[in-house]
Amino acid sequence: MNKGSRKFLRHGDIAVKSGRSAIGCPAGNCFWPKSADGFVYVPYTLDFQYSANDRSVIQSAMREFFTLTCVRFTPRTNEADYLNIISDYGCWSTMGRSGGPQDVSLEIGGCLYNGVVQHELNHVLGFEHEHCRSDRDSYIKILWTNILPEYNASFIKTHTNNLGLEYDYSSVMHYGKFAFTTDYRKQTIQPIPKDAILIGQRLGLSNLDVAKINRLYNCNVCSSVLSANQGVFSSASYPSDYPNNYNCTWLLRSPRLQVNLQFLAFDVQPSAGCSADYIRVFDGPSRLSPLLLDKSCGTGQLRSLASSSPEMLVEFVTDGSVTATGFKASYITVS
């Protein structure tokens, strides 16, 4: 979408006013402030040009941050610093909190996809492109001769704060193998040591994307994104007792059409109406999605669950009293 843009964009989609790897910000004033309640509020406005469906796509992408991190994108009331989300030429944003109204472009017809919206919002939170982070040469090779010369700047390495977390090929912030190529058959980014490694997905935030946001903003949030075709996960400390005052979510995201979930073990403190400790499963990526399984507790075998979309959210909540061994579950994605 950004090829041929008349706007000066650093690294292809970062607007410069007249560095996850996060930007260096010693004073912290280029990040959004954390409120006393532990949340990071980012006010926004939406261009009048967006249809109801366009707004739904943008707000759904924002809810994933709400579900998995302490970041809350909220409609602006009278805040001085806020995002002005518009449909300009291409998909771009400024980096971090720049002060006052700051434009984010999500062009109608090309940018309104979950992972694209989240990519630009991650820039707003202060995150650079993954393929430009300071240690990238150990993980990828930039094939400069295959890049359109006018887009060389989109691949320049940046001094970044890598937050002590590993390089993420699956980051929503990573460009694809053929980004800004001179020929659609020629790669511009080659993963090493194996070229078969997949990069450049735009389904949504990766598990490390979430971990980096939570680390940068010191979020007290337990959450994971599980995006493999199949896997197993469990409550903390399983098969030992789970901790008190524990609230954790797992977002199962399939590159296919559906997620199937099977509980292999289930032992959760029983209570009236499962008001103390419970597990819930949602048919979609947020707590606003329809319920596949309402609050459940006790012991025994739970039924298998199947999503109606490529995403399923599992939530496990405990109080401060008795504990039990918790749960273990397996999932598989199917076409």
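Structure shown above.
Residues numbered from 1 in each chain as written. Predicted model: local features only at pLDDT ≥ 70, side-chain atom pairs only at ≥ 80, totals over all residues. Heavy atoms only, no water.

Peer 1: Hey, could you run me through the overall build of the protein chain in this one?
Peer 2: Scanning the protein chain from N- to C-terminus turns up 3 helices and 19 strands. The globule rule puts the C-alpha radius of gyration for 335 residues at 20 Å, and the 21 Å found for the protein chain is close to it. In terms of overall dimensions, the protein chain has a C-alpha envelope of 65 × 50 × 40 Å along the principal axes. Buried positions account for 53% of the 335 residues belonging to the protein chain. For the protein chain, the exposed area adds up to about 14,700 Å²; of that, 53% sits on carbon and sulfur atoms. Averaged over its 30 positive side-chain charges, the protein chain has a centre that lies 4 Å from the centre of its 29 negative ones. (Helix = DSSP H or I, 4+ residues; strand = E, 2+ residues; numbered from the N terminus. Rg over C-alpha atoms; globule rule 2.2 N^0.38 Å. Buried < 20%, exposed > 50% of the residue type's maximum accessible area, 1.4 Å probe, protein only. Areas by Shrake-Rupley, 256 points an atom, 1.4 Å probe, with all protein chains shown as cover. Lys, Arg positive; Asp, Glu negative; His and termini not counted. Charge placed at Lys NZ, Arg CZ, Asp CG, Glu CD.)

Peer 1: Hey, could you run me through the side chain of Arg 133 in this one?
Peer 2: On the secondary structure map, Arg 133 appears in the loop between α2 (114-125) and β8 (140-142). A distance of 3.4 Å separates the side chain of Arg 133 from the backbone oxygen of Glu 166, its partner in a polar contact. (Polar contact = N/O pair within 3.5 Å; in protein donor to acceptor, adjacent residues only side chain to side chain.)

Peer 1: For this particular structure, what's the right way to read the packing of aromatic side chains?
Peer 2: In this description, an aromatic ring pair is defined by two values, namely the gap between the centres and the angle between the planes. In this structure the tally under the stated criterion is 20 aromatic pairs. For the pair Phe 65 and Phe 73, a centre-to-centre distance of 5.2 Å together with 75° between the ring planes defines the contact as edge-to-face. When its relative accessible area of 0% is taken as the criterion, Phe 65 is described as buried. Between Trp 144 and Phe 155, the ring centres sit 6.4 Å apart and the planes meet at 75°, which makes this aromatic pair edge-to-face. Highlighted residues: Trp 144 in the loop between β8 and β9 (189-191) and Phe 155 in the loop between β8 and β9, separated in sequence by 11 residues. (Phe/Tyr/Trp six-rings, centres within 6.5 Å; stacked < 30°, edge-to-face > 60°.)

All we've got here are geometric facts, nothing functional implied.
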